[in-house]
Amino acid sequence: MWLQTGIWWIIRYFKGVDWVSRWRWCEERERDTNERGWKKRNKRQIIKFNRTAAKHIRNVALHYISSHGFIFRLEHIVLSTALNDSLFLMAEETPIRFGILGSADIARKLSRAIKLAPNASIYAIGSRSVQKAREYAKSNGYPASTKIYGSYEEVLDDPDVDAVYIPLPTVLHLRYAVLAAEKKKHVLLEKPVAPDVAELDKILEACEANGVQFMDSTMWMHHPRTAKMKEFLSDPQRFGDLQIIQSCFCVPGSSLGGPDFFRNNIRVDPNLDGQLGVLGDAGWYCIRASLWAADYELPKTAIAIPGAITSESGVILACGARLVWEDGKAAAFHCSYLSNMTMDITVIGTRGTLHVNDFVIPCQENVASFTSAAETRFAELVTGWTPLPSEHQVILDIPQEALMVKEFSALAGSIKWNGSKPEMMWQMLSRKTQLVLDAVKASFAKGCQPVEVLSLN
């Protein structure tokens, strides 16, 4: 009887609280002050209160239900609504707290992206020494509250870290991504995600077994332009059936690591990322682009193109490959550390053609474009084209890397607060990209002979 009475009073309290007014009061106070610290602190205090209240009520209610059976009354509906509203509020407003493993250059870009994403925050950084981590945090404008650790393991041991971004050399991904998953941290993993699909499978299995979100850091997938281009490719009237995919990602080594790139950069170190070289770095994007255009259907065979350029230690510096599908459609790509900056995709269908010339990183951060052409013919007397290709522009409020962090954090938040399952699509995309990459690498090893992609599955 006392337990039922206690729940009754708790429900009466929740029914008497005007949660909307409470939140609006907070919003009004935010607008009345220019101190951003006050804004974040008060939101978190209210969210912390809601979280604590929700936990206590849930525990009491579950005990009551298990002891007395479930009695479906109006009070239970009110209780359920209050709990759901509180959890929804926390999922929407509480940022996912990121730990950064390492002090790689690419982590500077992701650190900025985390700060720009509305549902993420930098909580901790770990490096090989406390001093190095502290200097990195200071030079990149990390919050003063950021936890500074002298090892990667300490970040993973921090119970307040929700997710980790791992920009470490590829050979270290298996160790730290699996450990992160076992510590119940969501994993945002820099590409290439693994040296081969066997190691990637161990990472994905650990993430699935521990119920954490996995995503690779292929940023252009999250740009709204990518979705707009897909709309065109999916239109049978404008584009028709897919025939040919051509992609190219060239980036001069000096723009990635200065004049010493070919001597000191991890991308060309055969003991680190040099195991895959430019194929794993720039080629990853071309393979993903080919799969994206083909609706992620795996090709039947991969054939490396003869003439790849390698370093003295055997690291691939420039290469190309051809992918062939069962139904006859095909893709060709080229990637290089030795050529001028180029990031092109051309997708040709029976009715239309799509072109984009900056697919990996748009020329401008806040606007991106592509062209499409449909039912193109020669003009009269073969003096031109008709109709002319159309140019389409997409404008962004935040850059693509921040949109990636936002989407990843939304998935992690849904798991944390709502008990959702991880979105497995991102595992599938990474695995298929890795399978094709492995097949291309195997083709090089076999003297550019065709390799069955599914034979590696």
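Shown above is the structure to which this text applies.
Residues numbered from 1 in each chain as written. Predicted model: local features only at pLDDT ≥ 70, side-chain atom pairs only at ≥ 80, totals over all residues. Heavy atoms only, no water.

(A) Structural detail: the overall build of the chain. When you go through the chain residue by residue, the secondary structure sums to 15 helices and 18 strands. Residues counted as buried form 49% of the 457 residues belonging to the chain. Surface summary for the chain: the accessible area is close to 22400 Å², and the carbon and sulfur share equals 53%. (Helix = DSSP H or I, 4+ residues; strand = E, 2+ residues; numbered from the N terminus. Buried < 20%, exposed > 50% of the residue type's maximum accessible area, 1.4 Å probe, protein only. Areas by Shrake-Rupley, 256 points an atom, 1.4 Å probe, with all protein chains shown as cover.)

(B) Focus on the packing of aromatic side chains. Applying the stated rule across the entire model yields nine aromatic pairs. Taken together, a centroid distance of 5.3 Å and an interplanar angle of 90° make the contact between Trp220 and Phe359 edge-to-face. Residue Trp220 is located in the loop between strand S6 (214–216) and helix H10 (224–233), and its partner Phe359 is located in the loop between strand S13 (352–356) and strand S14 (367–374); the two are separated by 139 residues in the primary sequence. For the pair shown, Trp220 and Phe359 are each scored as buried. Between Phe232 and Phe239 the ring centres are 5.8 Å apart and the planes differ by 70°, which places this aromatic pair in the edge-to-face class. A single burial state applies to Phe232 and to Phe239, both of which are buried. Linked through ring pairs, Trp220, Trp292 and Phe359 together constitute an aromatic cluster. The lysine or arginine in question, Arg97, covers the ring of Tyr123, its NZ or CZ lying 6.0 Å from the ring centre. Lys230 extends its terminal NZ or CZ atom over the ring of Trp292, reaching a point 5.4 Å from the ring centre. (Phe/Tyr/Trp six-rings, centres within 6.5 Å; stacked < 30°, edge-to-face > 60°. Lys NZ or Arg CZ within 6 Å of the ring centre and 35° of its normal.)

(C) Fine view of the pairing of strand S12 (residues 342–349). Pairing geometry for strand S7 (residues 242–250) and S12, over eight bridges, is antiparallel. By the bridge assignment for S12, Leu242 is matched with Gly349. One ladder, built from four bridges, connects S12 with S13; its direction is antiparallel. Across the sheet, the residue bridging to Ile348 is Thr353, located in S13. Between S12 and S13, which pair antiparallel and follow one another directly, the connecting turn spans two residues. (Pairing = 2+ DSSP bridges.)

(D) Up close: the nonpolar core. In terms of nonpolar packing, the biggest core is built from 114 residues, with Phe98, Phe214, Val347, Phe359 and Val440 touching the most fellow members. Among the elements that line this core, the one with the most residues is helix H13 (residues 277–293), at 11 residues. (Core = buried A, V, L, I, M, F, W, Y, C linked by side-chain atoms within 4.5 Å.)

(E) Representation of the packing of helix H8 (residues 173–182) against helix H9 (residues 197–209) within the structure. Across the interface, H8 lies against H9 with an axial gap of 8 Å and an inter-helix angle of 10°. As judged from the angle between their axes, H8 and H9 are roughly parallel. Residue-level inspection shows His173, Leu174, Ala177, Val178 and Ala181 of H8 in contact with H9, the latter providing Glu199, Lys202, Ile203, Ala206 and Cys207. (Axes fitted to C-alpha atoms, helices over the stretch in contact; angles between N-to-C directions. Parallel < 35°, antiparallel > 145°, perpendicular 65-115°, else oblique. Contact = heavy atoms within 4.5 Å.)

(F) How the structure looks around the side chain of Ser247. Within the fold, Ser247 resides in strand S7. Overall, the relative accessible area of 6% leaves Ser247 in the buried class. Those residues within four positions of Ser247 in sequence are excluded, and the remaining contacts are Cys286, Ser290, Ala332, Phe333, His334, Asp344 and Ile345.

(G) How the structure looks around a nonpolar patch on the surface. A grouping of Phe378, Val382, Trp385 and Leu388 is seen on the molecular surface, where their side chains present a nonpolar patch of about 520 Å² in accessible area. Along the polypeptide, Val382 turns up in the loop between strand S15 (377–378) and strand S16 (385–386). (Patch = residues over 30% accessible without salt bridge, like charges linked within 9 Å, V, L, I, M, F, W, Y side chains within 5 Å. Salt bridge = Lys/Arg side-chain N within 4 Å of Asp/Glu carboxyl O.)

(H) Quick look at the pattern of salt bridges. Applying the stated criterion across every chain yields a total of 21 salt bridges. Of the charged contacts, one joins Lys183 and Asp157 as a salt bridge, the two residues approaching to 2.9 Å between their closest N and O atoms. With Lys183 in the loop between H8 and strand S5 (186–189) and Asp157 in helix H7 (residues 152–157), this pair connects stretches of sequence that are 26 residues apart. By relative accessible area, which is 35% here, Lys183 ends up partly exposed. Here Asp157 falls in the partly exposed class, since its relative accessible area comes to 45%. Among the ionic contacts, a cluster of salt bridges with common partners joins Arg97, Asp162 and Lys416.

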